[in-house]
Amino acid sequence: MRRKPAHPEDLDVLISYLDIDATSLPSPCIGICRVDPRTTYCSGCMRTIDEITVWGAIDDDGRRQIWRDIIVRRTALRGPAAR
């Protein structure tokens, strides 16, 4: 079965279900893997290349911080009207 293509809104859905205090945090990857040269963030998950690279090796606290950063970035890029 083919997987439905991911959309940027999929990250919003993932964030809405995210329990930042959980001991096991899901990867923010939604299958759109393109770095935006303007922001230097992945267009899909809003991580930097460095954050993507270390995800598999960092502890839960490091993953929590990356998720917090993603949420801040996502809000900032949408502007005040989207908050």
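Rules and cut-offs
Every residue gets a number counted from 1 within its own chain, in the order that chain's sequence is written. Only residues with pLDDT of at least 70 are given local features in this predicted model, and only at 80 or more are side-chain atom pairs given and counted; all residues enter the totals for whole chains, interfaces and linings. Side-chain metrics in this entry use all non-hydrogen atoms of the structure; hydrogen atoms and water are not considered. Secondary structure is summarised from DSSP: a helix means a run of H or I of at least four residues, a strand means a run of E of at least two, and numbering begins at the N terminus for each. Note on classification: 1.4 Å probe, protein chains only; a residue is buried when its accessible area is under 20% of the maximum for its type, exposed when over 50%, partly exposed between these limits. In this analysis, two residues are considered to be in contact whenever any of their non-hydrogen atoms come within 4.5 Å of each other. Residue exposure ignores everything except the shown protein chains as possible cover, and the areas themselves are Shrake-Rupley values with a 1.4 Å probe. Expected helix span is given by 1.5 Å per residue-to-residue step, counting one fewer step than there are residues. We call a pair of cysteine sulfur atoms a disulfide when they lie within 2.5 Å. Put simply, buried Ala, Val, Leu, Ile, Met, Phe, Trp, Tyr and Cys residues joined by side-chain atoms within 4.5 Å make one nonpolar core.

(A) Structural view of the overall build of the protein. Check the secondary structure of the protein and you find three helices and zero strands. Ordering the α and β elements of the protein from the N terminus gives α-α-α. Within the protein, the fraction of its 83 residues that count as buried is 28%. The long-range fraction of contacts in the protein, counting pairs at least 24 apart against all pairs at least 6 apart in sequence, stands at 52%. Carbon together with sulfur atoms contributes 55% to the accessible area of the protein, which is approximately 5,700 Å² in total.

(B) Representation of helix α3 (residues 60-78) in the model. Between its first and last C-alpha, α3 extends 27 Å over 19 residues, near the 27 Å set by a 1.5 Å rise per residue. Residues of α3 that are buried include every one of R63, R64, I66, W67, I70, R73 and R74, and no others. Phi for G79, located one or two positions after α3, is positive at around 85 degrees.

(C) Layout of the state of the cysteines. The final tally for this structure, using the stated rule, is zero disulfides. Here C42 is not disulfide-linked; the sulfur of C45 is the nearest cysteine sulfur, at 3.8 Å. Its relative accessible area of 4% is what places C42 among the buried residues.

(D) Seen up close, the nonpolar core. L11, L18, L25, I30, I32, M46, W55, I66, W67 and I70 together form the largest nonpolar core, which totals 10 residues. Counting residues per element, this core draws most heavily on α3, at three residues. Not counting chain neighbours up to four residues away, the residues in contact with W67 comprise L11, L14, I15, L18, I20, L25, P26, S27, P28 and W55.

(E) Highlighting the environment of R68. Note on placement: R68 falls in helix α3. For the pair R68 and I20, spaced 48 residues apart in the sequence, the C-alpha separation amounts to 8.1 Å.

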